Every structure is written in C-alpha cells, then in structure tokens.
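# Observations on the model geometry
Given next are the chains, with one letter for each unit.
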Amino acid sequence: MEYNFREIEKKWQNYWLEKKSFKVGIDHQKPKYYVLDMFPYPSGAGLHVGHPLGYIASDIFSRYKRLKGYNVLHPMGYDAYGLPAEQYAIQTGQHPAITTERNIKRYREQLDQIGFSYDWDREVRTCDPVYYKWTQWTFIQLFHSWFNNHLQAAEPINTLIEEFEKNGNTKVNAACGEIDKFTAENWNSWDEKQQQETLMYYRLAYLSDTWVNWCPELGTVLANDEVKEGYSVRGGHPVVRKLMKQWSLRVTAYAERLLQGLEEVDWSESLKEIQRNWIGKSEGASVNFKVSHHEEEIEVFTTRPDTLFGATFMVLAPEHEMVEKITKPEHREKVDEYVKMAKNRSERERMAEVKKITGEFTGAYAINPLSNEEIPIWVADYVLAGYGTGAIMAVPAHDSRDYAFANHFNIPIREVVSGGDISRGSYDAKEGTLINSGFLNGMDVSKAIKATIDKIEELGVGYGTVNFRLRDAIFSRQRYWGEPFPIYYKDGIPYALSEDKLPLELPEVESFLPTETGEPPLARAKNWETEEGYPLETNTMPGFAGSSGYYLRYMDPRNDKEYFSKEAIEYWRDVDLYIGGIEHATGHLMYARFWNKFLYDLGYVVEEEPFKKLVNQGMIQGRSNIVYRLKGTNTFISKNRLDTDLTDEEMKKAGVSERRPEVIPMHADVNIVDNDVLDTAAFRNWRQDLAEAQFILDDEGKYVCGYEIEKMSKSLYNVVNPDDLIANFGADTLRMYEMFLGPLTDSKPWDTKGIEGVYRFIRKFWRLYHDNNGNLNVTEEEPTKEEFKVLHKTIQKVEDDIERLSFNTAVSAFMICANELSDLKCTKRAILEPLAVLISPYAPHIAEELWHKLGHRPSVAYAEFPEFKKEYVIENTFNYPVSFNGKKRFELELPLDMPKEEIEKAVLEAPEAQKWIEGKTPKKIIIVPKRIINVVV
RNA sequence: GCCCAGGUGGUGGAAUUGGUAGACACGUUGGACUUAAAAUCCAAUGGCCAUUGCAUGGCCGUGCGGGUUCAAGUCCCGCCCUGGGUACCA
C-alpha cells in the first residue's frame, strides 16, 4: 500500500483548522517568538511556485520554534488595497471590493493546501474598516506631531504651539519646511488661518505644494520608490514631474535614526546597503555666496569645502528661485527658454539625455566668500532642485560633472588638490595636498575640510552641515481604492477628524474615474463631508499606508479600543524573523521603520526597530522551453538536429531547399514538455495556428526542446502553479522540494523534473514505518548503536541547519537518514518516533499521520523537539586521509586517542606510504586530529 | 560610472572554522522485475590517460592570471563575466 497523500493531507488540514491548532494568545509561561511573512497583495493570477517559497521557510521555522517550546505568533493577512483591482474596476465597472474578496478567497484556498500553521483568527485586511481605522488613527497622530531635532524625537504639536506663544520659532530646532523666523508677538497676532498654515511647516503629516511624480496613465501621484527609471514600478507607465498640493510624511526627520538603526538589526548586508544608499547621508558644508550688484545671497551645499578656492563657476537648478531674479536682461530670453525646456522635460527624457551637456549663462556673477573672486553663475539641469539647496559651487578640477561642463563651455579649470592630472580629467579623490588655496595650502584634504568649515563659520558665511538624499514620502493618491484621509477642510484649512469619528469609511461612488474637472474619484461621493458640512479630503492614502504597521495589529487584531493593547505589545514586542522579497527595500521597509519609530517616540511601541532579523528569499526563475521553427514554415526541428543536415525527405516535408535552414526559436508551454521532450500531439492542440505543425525528430523519434532561464511569466509560458504539483505529489513533497532547490536567499530556476526525487523520498520515508502490506510496522526493541547514531547525527544536522536557515541541506540530511535506516532495516520505535517529530516542520502532514498512528495525541505540532545526545555519535577511530605534499594518497584508520608520535609511526610504516617516501626522511608531518595527516617530503 | 552579491560536473546544489572537492537529488547509461508500460529496486556517472580479471594506478580539475601556506573552492593582489541596487545626489 502506497502512501495516500491526497487523503491524509486533506484530513490533517481539516483537523488543524477545526481544532484551531495554531491559535495563540499571550502566555507568560513561554517565551514568545514572532515569525512574519511579508503581506501579500492578492492578485487575480493566484500563486505560482515562486510565491510560497518564503512562506514555506517561515512555516518550517515557526513549527520548529513551537517544538522548541516557544509561543509562536505566525499570522497572515492581505495588503488588499492596490492598483490592479482598481484598474480592473475602471475597465469593467466591477467594484474593487468584490474582485479583492474573490482573489483573497482563491489565495486562501491555495495557502491552505500547502499546510501552513497560521493563526487565521488573526487575519487582517488593509481594506477592512476595522483595520484601517488604525491606519487613519496613526495619520492623525502624525498630523498632530512635530519633530524636535534637539531630542531627535517626535513630540505633540501642542508643545510647539506653547513654544511659539512664548518665543516664536526663534529657538526652535525642528525638522520642517523652509520658513522664515517669527517672534511670539508675530504668532500671537496672527489669525487662526495663518497659525494653521505655519504649523503645517512642522507637522509630520503635512500638506504642501511639491514637485511630484505624476503618472498620467494611472491618473495619480507616485512616491519615489514607486518610480524606476522614469516609469511606474506597477504597470510601467511614463512618469512626469508636476507641482501639486499633496500630503507628505516627514520621513526625512528620521533620516539619521533610520540610518543608525541599521546597525542594530540582523539584516543582510546588501539590504542594509540599499537602505543606506537610499538615505544617502553626506557630510559637508553650506556656503553663502554674495551675488555681484545684488542684495541676495545664494547658498550652496558641498561635500568638498576644501576645494572652495577651485570654484570657477556656480550652477543653479532651472527651478531655483534666484534664476528669475539675477538673470541679466541681455541673457533673459535664452535663459527663460532653457528653463522652460528643462522644466517641461519628462523625467524620462532628462535621464535619456544625461550625457548631453546643456546650460545657459545668466550674466550674473557670484563672489567667492574666501577669495572674493567673481565667478559666473550658470543655470543647468545637471543640478537638481530637490537636493541640497539646488545650487552648487562648481569645482571642475575635482568633480567630473563640473569638469565636463567647464570643458564644454570653456570655463577655466583650477587645480587645488595635487595628485591628479587635470589636463586629462578631474581628480575627485579625497587624497592629496592643497595648492593654490591661500591659507589651506599644504594641508591634506581632511584637514583642509575642517579648516574651511572653521573659517566660514568664523566669518559667518557658512557652516558645516549634513545632507540626505532621502525625500519626504508623498502620501496622497488620486485614486478610489485606498484609505480615506481623516481630514476635513474649514475655510480651506485642513483639520484632522477627532478620533471618535474613526473609521472614516470609504464611500460608494458611481464611477472609479476622476471627475470631469480632474478631481479624484472620491469627489464623486455623495455627502462626502462632516456632520457639520465641511468637505472631506478627496485623496486617498497610498499602498504603503496599510502595510506600514500591520505587524503591530497582528498582536491584537480584534481590539476595537486601541491599535493594540499595552499587554500585547509588551509581550510580543517586535518581529523576530521577517521573511520577504528584496523589492521592498526602499519602500515598505523604510516606511514601516519610520512608522514604528514614530509610535515609539509617542510611547505606543516598545522596540525602536520593528524587524529584528530579516531574510530576503531569492526569486524563483522560470525554466522556459524553446522549440525551433524553420523560418517561414510550420515545421519544427528538434534541438539535437540543429547541427545535422536535413534528409531529402525532411526537406520535402518542410518545403525548404537548404540542408541547414534558418530557424526561429519560440517559447513552448512548459506544461506540455516532459524532461525537455515535447508532447507533439499536445503541442498541436495548444494553439490553433499549430494544429498542422510538422516535426523533424531525432534518431529516437523524440522532439527535444532547448531551455532558457528567465523570469516566471505568463507571456513566456513557463509558469508552474502549486495546485497541479500538490495534486500530483502532495503538499509535503512540494514544501520539501521548494526548500531542496537551494539556499533560501539565492535566486534559482524552477525545474519541475526534480520534484520526483523528493516524492520518492517521502514514500521511502513512509515505508520505514510500514511493511509491504501497508501495515504499521514499528517494534519496541532496543535500537542498535548504529541506528542511534544515524538518528542523532540527523538530529544534530537538522537542528543546526534550521537555526541558520539552511533548509536545503536539512532536506538532504533527511534523505541520507532515510537511506541509511532503510539499509539497516530499522523498525524501532525509539528511532522512528523522534524522527517523525524531527521532520514535522518540513512535512507536517505525513508527520502528523505517523504521530497519530504511533498512538500520540494531540498534534505533533506541540511535541518536543528530539534532544541531540552526543554520546551516540562519538567515534573511537577516524579514517584519516593521508597526503604527501598536500596530495591525498591513501586512507588510514586510526584511533582518535592515539598520540601524535604513534600516528607518525603508523603512517610511515603503512605499506602504501613506502612508494611516496622513497627512502627519504620526511621533513615534516602535520597531524590535525580528526581531520588530516600531511607528510612533507 | 559608482555600490553590493556571486561564478564549483550535463543540471540544482554540498563542502558551517584553510584540512578527503563534487554530499544529496535530477538527468544520462546499463541491469533486475514485467507479456508490455508505469512504479520500484540495483549499479555506473567531473575530464583525460594507462594497464586491464569484475580491478588498479597516474595526470588535470572549483571563471582567468599571480601570491601566501605543509595544505586554498575557502585567505591576499590583479583581471574577466553574471545578477541586483543606484544614477548627474555636488
């Protein structure tokens, strides 16, 4: 009787669901462990084999931790708001809630089939008012908070108002927008509107006019991390720059803490590096340049203040406000034209033309505050408005971009740091001695940087400062399917709703498109206003809003009084292991850390970093199959015939006149290919245009396909979905095979063929416990030494491997174990019972069945992880590889406790050794106990 | 361009601390069972070479070229290639 996985897997999945086997609560008797998967967006396509990879790994780890006595929080839910459902709604009129619900149902069915140990009672969905109430609540807290740079922490806005009443903003050091100084008298004399407008410069959630990434195709604004190379990440539509009034989150306030926090967490170095680059901290100086014949000064940011004497021109970004003011009449026309061109260019065009050097002279001159030299002011779009001050001092000798620009427009280049050859290119390195630089001459770069900063601070023309590349997160979307803002407008001024009005539910609209006047879809909602009749905000929140704090809500998901209780947060604290894709490096993982730090400042959460350990699973790539069509025909040639001549008959059949005709490769559906051999009948049925296809086969009458490793995608016909595999091989096999493919963090191709090896293993494993008639065959005899050794070797290996998330090698260890135990014909309970527990994280269904058959109740999920006992694996002898001059020549079995002198003697006396010694006296013999013996002759 | 990760059989991969390279599995080949197929089981399987009684031995071999060491897939230097991040960030 073969192992009937279909029946058994179904049985235990139902059992776990009915008994709520994985329901958890706070239990102070046990240590907590929180294992989290990244929130999936339930797409209409369902799961392919790549998706569950991380879920399987986290499930194995969760089950392992349970066996180790931990109280494991392992939840799952849905990031249910999002563009695809809404795009579909626009096309079909189908409400996105309906599509979303349907997709979630399908997702859940697929997840259930794989046998995950989630506590489904904790499921959350971002589009559920019970959930998004707390997304809105957090937004209100952000709105009512400001960031105190002194304390490097968020504070309630009231503390700021009190300060304004007393001292104005003269003493305030806050993360804020660009705002002039004002006194207490000013503040107190202002009306509410002006006070509210002023506060808006300080709030952590604020409304302002910003240059945004506008995606006309999607009809919405996008955040920086949602745009890549001028196209939207979702959908790949072009993005243009546009000035719009938008809600933003002041993420930049936390830049330093977001950077520092990376030192505390156990994440991969590459992921931390991506975040560091994204935050982009650079230290330098801010320097004020006077403008000749003008009142105003222009402030520039530089990381190389030491090169100040080498500044031979200045460049302003086209958007810089001073361009308008300083341009001389005779240059006005050309500058205006240039600015207009630069502003209207899409991000895409600008990037495409990076190599092209453009710019325009304004006719004005700036005065170098140290040398008093006059330098020309140019406007050019290689300087970005959004970084630093939007103006630079150009030092062509030591900056490659300035060098190219100076060369192109014939501007002088002055070397101020020795070490390069400025006739050939700029010398950008921070090494060398200062020259041509007044009081800096003779200093090295790092000393000169310090000296310059001291000098400009002393003269009051600048100061040392730090700049970040990180931008505030634009938080409004002109879309329907997202969280409404808990904001209303009174006389055009935004106010937050009071918390008791939450959740502010998403209203019904009759169309999901923007209005005729270009307002977002919520403007179509009837009575979209407060009880008092004030209009509500019509933008909605972006995708990352709901996912920024979901891990907190899982701790206490049904709480209707609070986001989560104090008791829950103090018990569960943070995520111990977080598994998900690297694609969230600059989006979700940045926002969630920001969200968490903010709630930490307010005293709601207890750990400053939300995700202690984070692992990025690799991508599963598709393995496409390729067929070769003879050009201009409907005849396909087998891959192994590509290098041989066609026969006369074949040429006639295909209607071609050459022995080696040209072929066009084409993707064939991997589901009609087995082991790279095409099912030609299925191929003819696959598509109508192939119904008459002819084949040129190999000697064995087979059509062999080529293959290609590429992205798993519908259009490449290489998608493999888990449902079919589970139907054919079972969930336990799928789980183990996904792990067996290779290291969790590596990208690797999917090859369905290999699954049969794991399938064979599962059945072999089953046979260990059964006789040929399928009856349980487990005996109570004392196991032999050999059997104990196999078991304990496996326990040690598997435990070690799980701890370091090396799941692929653990699967190998199980295979080796099953091979050895079946060779030993072991039927002993004392071996097989712990083995069933040991494998249960990987193959929970078969383990549960065996566990019950062995007479245990309740679930194997709460058994005890078998304890490794060293004494069973200790050996007395070791089979030493004996090398001569580093080359292994033979093996020699010797007792482990043999003294080195005796080992030497034994080696030299060994008959195999004579040939290598050849009568010479060995120079040296290296003996590494339990490793190797090396003889140097 | 810059930053990061990685290159091991026909394939996925193993070798955790410098110590027997290729575990485990797929594929391939041969064999057993079967009327046949499937399933299962057994054996071989990095390349080259030599002798041959199923066996024995030699040389080469972890992207390429150097180096350190008794010993290098692993450490150091230089180069090549692949994947990812980022892109005038001053």
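So, here is what we can say about the structure in this document. Just so you know, these numbers come straight off a predicted model, no measurement behind them.

## A short note on the overall build of chain A
For chain A, the count of helices and strands is 30 helices and 33 strands. Each principal axis of the C-alpha atoms in chain A carries an extent, and together these give about 100 × 85 × 75 Å. Counting only residues that meet the buried cut, chain A has 54% of its 937 residues in that class. Of all intrachain contacts in chain A linking residues separated by at least 6 positions in sequence, the fraction that spans at least 24 positions is 70%. Surface accessibility of chain A: about 43,000 Å² in total, with carbon and sulfur atoms responsible for 48%. Charged side chains of chain A number 115 positive and 146 negative; the gap between the two group centres comes to 4 Å.

## Observations concerning unusual backbone geometry
Residue Pro-503 follows Leu-502 across a cis peptide bond; omega there is -5 degrees. Looking at where Pro-503 falls in the secondary structure, it is placed in the loop between strand E19 (493–496) and helix H16 (543–547). Residue Pro-858 is bonded to the preceding Arg-857 through a cis peptide linkage, with omega at -5 degrees. Structurally, the position occupied by Pro-858 is in the loop between helix H28 (844–853) and strand E30 (877–884). If you check the backbone angles, Lys-20 has positive phi at about 50 degrees while not being a glycine. In this structure, Tyr-717 takes a positive phi of about 55 degrees despite not being glycine. Within the secondary structure layout, Tyr-717 lies in the loop between strand E28 (706–710) and helix H22 (722–729). What makes Tyr-717 partly exposed here is its relative accessible area of 31%.

## Observations regarding the sheet that holds strand E33 (residues 932–936)
Adjacent strands of a sheet form backbone hydrogen bonds with each other and so pair up, either parallel or antiparallel. The strand order E31-E30-E33-E32 describes an open sheet built from four strands, whose pairing is mixed. Of all strands in the sheet, those with a lone pairing partner are strand E31 (887–895) and strand E32 (924–928), marking the two edges. With direction set aside, neighbouring strand axes in the sheet form an average angle of 20 degrees. Relative to E31, E30 runs antiparallel, the two being bridged by eight bridges. Bridge pairing in E31 links Pro-881 to Glu-891. Together, E30, E31, E32 and E33 form the strand contacts of helix H29 (residues 900–909), whose direction differs from that of E32 by roughly 120 degrees.

Analysis parameters
- Positions within a chain are numbered from 1, following the residues in the order the chain's sequence is written.
- Here the convention is simple: chains get letters from A, ligands get numbers from 1, in the order in which they are written.
- Selection of residues for local features in this predicted model requires a pLDDT of at least 70, selection of side-chain atom pairs for listing and counting requires 80 or more, and totals for whole chains, interfaces and linings are taken over all residues.
- In computing side-chain properties, one takes all heavy atoms of the structure into account and sets aside hydrogens as well as water.
- Helix numbers and strand numbers start at the N terminus; a helix is a DSSP run of H or I with at least 4 residues, a strand a run of E with at least 2.
- Relative accessibility decides the category of a residue: with a 1.4 Å probe and only protein chains considered, values under 20% of the type maximum give buried, values over 50% give exposed, and everything between is partly exposed.
- Any two residues whose heavy atoms approach within 4.5 Å at even a single point are treated as in contact.
- To be clear on the numbers: accessible area is Shrake-Rupley with a 1.4 Å probe, and residue cover counts the displayed protein chains and nothing else.
- Counted charges follow a simple rule, with Lys and Arg positive, Asp and Glu negative, and His plus the chain ends left uncounted.
- Just so you know, the charge point we use is NZ for Lys, CZ for Arg, CG for Asp and CD for Glu.
- The rule for pairing is simple: two strands pair if DSSP sees at least two bridges between them.
- Orientation is described by lines fitted to C-alpha atoms, with helices fitted over the stretch in contact, and by angles between N-to-C directions that extend from 0 to 180 degrees.

Everything listed is a geometric property; what it means functionally is a separate question.
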